[in-house]
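Observations on chain architecture
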Amino acid sequence: MTVTATKAAPRARTTHRWRQREQLTQWLFVAPAVLYLLAFFGYPAAKNVTMSLQHYSTATFYTGEAPFVGLENYAKIVASTIFTEALLNTVLFTVGSLVGQFVIGMALALFFRRYFPLSGLLRSLLLLPWLLPLVVSGTVWRWILDQDSGVLNETLQAKIPWLTSPSVALLAVVIVNIWVGIPFNTTILYGGLQDIPPELYEAAALDGAGKVNTFRYITWPQLRPVVNVVLVLGVVYTAKVLDLILVITGGGPANATQTIATQSYQLSFQQFDFGQGAAMGDILILLSLVFAVIYLRANRRPA
Amino acid sequence: MRHRWTATTIGIVLIAVMLFPVYWMINASLQPAGTTLQGSWIPFPLDVSGYATAIADQGRNLLTSLVVATGSVVVCLLVAAPAAYGLAQFRIRGSNAVVFGILITQMIPGIVIANALYSVYNDLGLLNSVPGLILADATLGIPFSILIIRAFMQGIPREIVEAGRVDGAGHFRVFRSVIVPVSANALITAGLFTFLFAWSDFLFALTLTTNETVRPITLGIYQYIGAHTNQWNAIMATTVLASIPAAVLLVVAQRYVAAGATGGAVK
């Protein structure tokens, strides 16, 4: 703060003071937000790390004692039979959701790029699944997927145990999550498509490029930065999905839809082992970081 | 010409498929209650008893959600609007770090926040309280709001701010009487989204309330499906009522929604 003041030559002291006051006033605008973010994101993140190293149980809330146990919580979690299953489910859920959302979202974005009557209206209606509360979507889908009276089986004339068989339940939640995520993907990708200069397409048309080649050599490379944002955000948001799974299957049947996120919830708020729950939460953060880094690295090759 | 309408037809079919669950929800909410879950494809004759049951059972929870979501909007705008202005128009040291920090917050799962908040809230007596939920739910809107309001405020010409300053107004005065009115649209958009996020919150409602004193509608629905699976019309009527803010956002702020979806993410 003072560095700039002294650099500005030995001006009058009032100027110096005025500047300091000015800087302070300016900071006052940002300060509440910084404090809020520290209190509601920074502190919980840090506290979560400490809790993961403690034996933090119901008793802690009465006695106030939470002895440090080192990495014991992590060791217990990793050793538990459910961990591998939850980890695998998280990866399958995230990758499955992302691929489905992205491919369908991209197809819709390309479709809506063409101008046709009512396209704007239809595009905004498409946003509804994204805006609905997840509990609402989950509840509606739970009924649609019901084995005996769900409209899906009724239409398919089948008796698929969508939510009660361990082998299909994960697929069912992935399908619902794809449905939830399509609008977000379509919207951002559509925005990206709008930003591609039309001259590029004109040039390609002059060169006689077909649809496939136009997509491959113009649309895809131009869209790349937007694709990266969509997929990285997708990973970060999908890996932590909790409410949808809790509402549709509650993590069951037989832990078939249990993910790291739902498992973290179960440990803390069902089994009241907040230490293990916190450790699971930290693993979740690490996992989404790893996902994001792997994706970004895989795409670093020259265009 | 005919080609264009073909595209429209395909578009309508695609949207109809995508929105089928929404139709099914409304359809089911207008059918009579029954032990058979099977519903017909069209609600005829219309039966609004599901709504009567829903309001009787869940009216209070809807009101709780309304209060909590409104409170979150107030907290969010009070915190986010000045910050967005500061980050957009001042050259403050560390402002890049603040923006980076905001992006990082998106990496932190809600369950991690809830886990830590539960213990703090327990100490502070904020569990089962409306202020506690308001503060927690505001986390869903604040980072997002700062980014979209800032993006808008970066477009405000410096001259407007300077004109106010030359007239002798302090920063806060300029902010209140010049910036806020000019940015009304951005503030409304951010406010609507924050309302929707807070209204849709399930995780904080589930973890930070332990009894029935404060029960948002999302938690109400969750307990409903646990308890009355034979009253699907009432459950669906509740979900329809809980979808009202989403519908309002879609209609009122339609052209901002797409901008909001990308808010700060791409730029």
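Residues numbered from 1 in each chain as written. Chains lettered and ligands numbered in written order. Predicted model: local features only at pLDDT ≥ 70, side-chain atom pairs only at ≥ 80, totals over all residues. Heavy atoms only, no water.

Moving on: the overall build of chain B. Summing up its helical and strand segments, chain B has 15 helices and zero strands in all. With respect to the three principal axes, the spread of C-alpha positions in chain B is 70 × 65 × 30 Å. The buried share among the 267 residues of chain B stands at 55%. Within chain B, residue pairs in contact and separated by at least 24 positions form 73% of the contacts whose partners lie at least 6 positions apart. Of note, chain B has its 13 positive side-chain charges centred 15 Å away from the centre of its 9 negative side-chain charges. (Helix = DSSP H or I, 4+ residues; strand = E, 2+ residues; numbered from the N terminus. Buried < 20%, exposed > 50% of the residue type's maximum accessible area, 1.4 Å probe, protein only. Contact = heavy atoms within 4.5 Å. Lys, Arg positive; Asp, Glu negative; His and termini not counted. Charge placed at Lys NZ, Arg CZ, Asp CG, Glu CD.)

This part is about the packing of aromatic side chains. Residues and elements named next belong to chain A. For the structure shown, the criterion picks out 36 aromatic pairs over all chains. Ring geometry for Phe269 against Phe274: centres 5.3 Å apart, planes inclined by 80 degrees, an arrangement best described as edge-to-face. Comparing Phe269 with Phe274 shows no difference in burial state: the two are buried. (Phe/Tyr/Trp six-rings, centres within 6.5 Å; stacked < 30°, edge-to-face > 60°.)

Glancing now at the packing of helix H5 (residues 81-113) of chain A against helix H10 (residues 166-194) of chain A. All names here are of chain A. Two numbers describe how H5 lies on H10: the axes approach to 6 Å, and their chain directions differ by 40 degrees. With respect to their mutual orientation, H5 and H10 come out oblique. H5 and H10 meet at a crossing whose hand is right-handed. Here the contact of H5 with H10 is built from residues that sort into 17 nonpolar, 11 polar and one charged. (Axes fitted to C-alpha atoms, helices over the stretch in contact; angles between N-to-C directions. Parallel < 35°, antiparallel > 145°, perpendicular 65-115°, else oblique. Left-handed = near helix turned anticlockwise from the far one by under 90°. Nonpolar A, V, L, I, M, F, W, Y, C, P; charged D, E, K, R; others polar.)

All names here are of chain A. Over its 29 residues, H10 extends 43 Å from the first C-alpha to the last, a length consistent with the 42 Å expected when each residue adds 1.5 Å. At Gly181, H10 shows its strongest bend, of approximately 35 degrees, with the proline Pro183 following within four residues. Within H10, 23 of the 29 residues are buried, leaving the element largely enclosed by the surrounding structure. (Expected span 1.5 Å × (residues − 1). Bend = angle between axes of the 7 residues up to and from the residue.)

With that out of the way, let us pick up the pattern of salt bridges. Residues and elements named next belong to chain A. Within the structure shown, the criterion is met by three salt bridges over all chains. A salt bridge links Glu72 to Lys76, with the shortest nitrogen-to-oxygen separation between them at 3.3 Å. Residue Glu72 and its partner Lys76 are located together in helix H4 (residues 72-79), separated by four residues, close to a single helical turn. Note on Glu72: relative accessible area 37%, which makes it partly exposed. For Lys76, a relative accessible area of 38% gives the class partly exposed. Here Asp148 makes a salt bridge to Lys159, at a shortest N to O gap of 3.8 Å. Of this pair, Asp148 sits in the loop between helix H8 (134-144) and helix H9 (151-156) while Lys159 sits in the loop between H9 and H10, and the two are 11 residues apart along the sequence. Relative accessible area serves as the criterion here: at 52%, Asp148 is assigned to the exposed category. Under the relative-accessibility criterion, Lys159 is labelled exposed at 54%. (Salt bridge = Lys/Arg side-chain N within 4 Å of Asp/Glu carboxyl O.)

Before going further, it helps to examine the nonpolar core. If you look at soluble globular proteins, the nonpolar side chains tend to sit buried side by side. Phe112(A), Leu189(A), Tyr85(B), Met153(B) and Leu208(B) are the most contacted members of the largest nonpolar core, which has 174 residues in total. If one sorts the elements of this core by residue count, helix H3 (residues 49-89) of chain B sits on top with 15 residues. Setting aside anything within four residues of it in sequence, one finds Phe112(A) in contact with Ser119(A), Leu122(A), Arg123(A), Leu126(A), Tyr190(A) and Ile15(B). (Core = buried A, V, L, I, M, F, W, Y, C linked by side-chain atoms within 4.5 Å.)

Bringing the confidence of the model for chain B into the picture now. Residue and element names in this part refer to chain B. In this model, chain B carries an average pLDDT of 88, and 91% of its residues clear a pLDDT of 70 or more. Across chain B, the secondary-structure element scoring lowest on mean pLDDT is helix H15 (residues 254-262), at 62, and the one scoring highest is helix H6 (residues 130-138), at 97. Overall fold confidence for the complex sits at a pTM of 0.91, while the interface term, ipTM, reaches 0.91. (pLDDT = per-residue confidence, 0-100.)

The partner chain A presents 87 residues to the 90 residues of chain B that form the contact. When the two sides are added together, the surface that chain B and chain A hide from each other amounts to roughly 8,100 Å², 79% of it contributed by carbon and sulfur. When the buried area of chain B at its contact with chain A is split by residue, Met18(B), Met107(B) and Asn115(B) rank highest and sum to 9% of it. In this structure, the connection of chain B to chain A is made through zero salt bridges. Linking chain B with chain A are 12 residue pairs in polar contact (both at pLDDT 80 or more). It is helix H5 (residues 110-124) of chain B that contributes the most residues to the side of chain B that touches chain A, 13 residues altogether. Across the side of chain B that touches chain A, the residue classes tally to 66 nonpolar, 20 polar and four charged. (Buried area = accessible area lost by both parts, 1.4 Å probe. Polar contact = N/O pair within 3.5 Å; in protein donor to acceptor, adjacent residues only side chain to side chain.)

A surface patch of nonpolar side chains, about 370 Å² in accessible area, is lined by Val91(A), Val95(A), Val99(A), Val103(A) and Ile104(A). Its location among the elements puts Val99(A) in helix H5. (Patch = residues over 30% accessible without salt bridge, like charges linked within 9 Å, V, L, I, M, F, W, Y side chains within 5 Å. Areas by Shrake-Rupley, 256 points an atom, 1.4 Å probe, with all protein chains shown as cover.)

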